[in-house]
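# Residue-level structural notes
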Amino acid sequence: RSRSAKNTNGSPPSHIPEIRHMTIAANKVASIQYTVLDEEGQIIDSSEGGEPLVFLVGAQNVIQGLEEALIGKAVGDQVKTTVEPAKAYGEYNPEGVQEVPMEAFEGVETVEPGMAFTAETEQGPMNLIVTAVEDNMVTVDGNHPLAGKALTFDVTVEAVRDATDEEMAHGHVHGEGGHQDRKSTRLNSSHARNLV
Ligand code: ZN
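Residues numbered from 1 in each chain as written. Predicted model: local features only at pLDDT ≥ 70, side-chain atom pairs only at ≥ 80, totals over all residues. Heavy atoms only, no water.

## Considerations on the coordination of the zinc ion
Only His170 (ND1), His172 (NE2) and His174 (NE2) from the protein reach the zinc ion as donors, at distances of 2.1 Å. The sequence motif formed by the donor residues of the zinc ion is H-x1-H-x1-H. His170 gets classed as partly exposed once you look at its relative accessible area, which sits at 46%. (Donors = N, O, S within 2.8 Å, 3.2 Å for Na, K, Ca; no water. Buried < 20%, exposed > 50% of the residue type's maximum accessible area, 1.4 Å probe, protein only.)

Below, the structure is given as C-alpha cells:
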C-alpha cells in the first residue's frame, strides 16, 4: 500500500468534520437563541440576554413548525420562519370557551381575568385562563394564549450534539438547559382546581 495516498502534503487536518457539520435531526440536542414575533411584529418571547433554548429534536419538545424549519441546519445558521397556527399552538377553538359558576373556584379568594387554572378533565389536565367575571359566572378559555396565531421565529443555531440514550428514553434534555418546559412557564399563576 502506498503511504502517499494518506497524506499528500503533510499538513494536519484543520478541523474535525464530524462536529463542524453536525446538523439538526431526530435524536440530536439543539441549542438555539430565538426571538418570537406575532403577526404585528411585536416580540412575544426571546432568549436574548439569557440562556439558549436547549431541546431534544423529534420529541415534541418545541412546536412542530419551528422544529421542521430547523432540520438540517448547523451551528451558526440563522433561520427566520413564520409558522402557521396549525403547526404552532393550534387553531383557536371557540368551543374551548365556557362559563362556569363561581362556586367552582371554591377556596380562591378573588377570581380575576388573566388568572390561570388547571382543570381536571376526562382528557387529562387542561389549562384555563379566566377571560371575564360577571356576577356569579366566570368565563374561562381553554385555548392556549397563542392559539390561532401565526408566529415568526428568528433563530440562530448555537450548538448541536448527539442525545444520550437516557435523554432519548426520557424524551427530553438532561444537564445544562435541561428539563425545561417553556409552555408551562407562561401560565405561572395556576391553581390546581376542579372546574368540571
Ligand atoms: Zn429525564
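## Observations concerning the confidence of the model for the protein
Mean pLDDT for the protein: 84, with 80% of residues reaching 70 or above. By mean pLDDT, the top-scoring element of the protein is strand β4 (residues 78-83) (98), and the lowest-scoring one is strand β10 (residues 191-192) (28). Counting interchain partners and residues more than four positions distant, the pLDDT-below-50 stretch residues 1-5 has 0 contacts. Note that residues 180-196 has pLDDT below 50 and, in this model, 45 contacts with residues that lie over four places away or in other chains. (pLDDT = per-residue confidence, 0-100. Helix = DSSP H or I, 4+ residues; strand = E, 2+ residues; numbered from the N terminus. Contact = heavy atoms within 4.5 Å.)

## Some thoughts on the pairing of strand β9 (residues 151-162)
As defined by bridge partners, strand β1 (residues 28-37) adjoins β9 across 10 bridges and the pair is classed as antiparallel. Looking at β9, one finds that Gln33 is bridged to Thr156. Here β4 pairs with β9 via 6 bridges, running antiparallel. Directly across from Gln78, in β9, lies its bridge partner Thr156. (Pairing = 2+ DSSP bridges.)

## Quick look at the pattern of salt bridges
Per the stated rule, a full pass over the model turns up 3 salt bridges. The salt bridge involving Arg161 is made with Glu167; its shortest N-O contact spans 2.9 Å. (Salt bridge = Lys/Arg side-chain N within 4 Å of Asp/Glu carboxyl O.)

## Observations concerning a negative patch on the surface
On the surface, a cluster of negative charge is made up of Glu39, Glu40, Glu84 and Glu91. The topology assignment puts Glu91 in the loop between β4 and β5 (97-101). What makes Glu91 exposed here is its relative accessible area of 52%. (Patch = residues over 30% accessible without salt bridge, like charges linked within 9 Å, V, L, I, M, F, W, Y side chains within 5 Å. Areas by Shrake-Rupley, 256 points an atom, 1.4 Å probe, with all protein chains shown as cover. Lys, Arg positive; Asp, Glu negative; His and termini not counted. Charge placed at Lys NZ, Arg CZ, Asp CG, Glu CD.)

## Regarding the environment of Asp38
Within the element layout of this structure, Asp38 appears in the loop between β1 and β2 (43-46). Given a relative accessible area of 18%, Asp38 falls into the buried group. With 111 residues separating them in the primary sequence, Asp38 and Lys149 have C-alpha atoms 7.1 Å apart. Excluding residues that lie within four positions of it along the chain, Asp38 makes contacts with Ile44 and Ala150.

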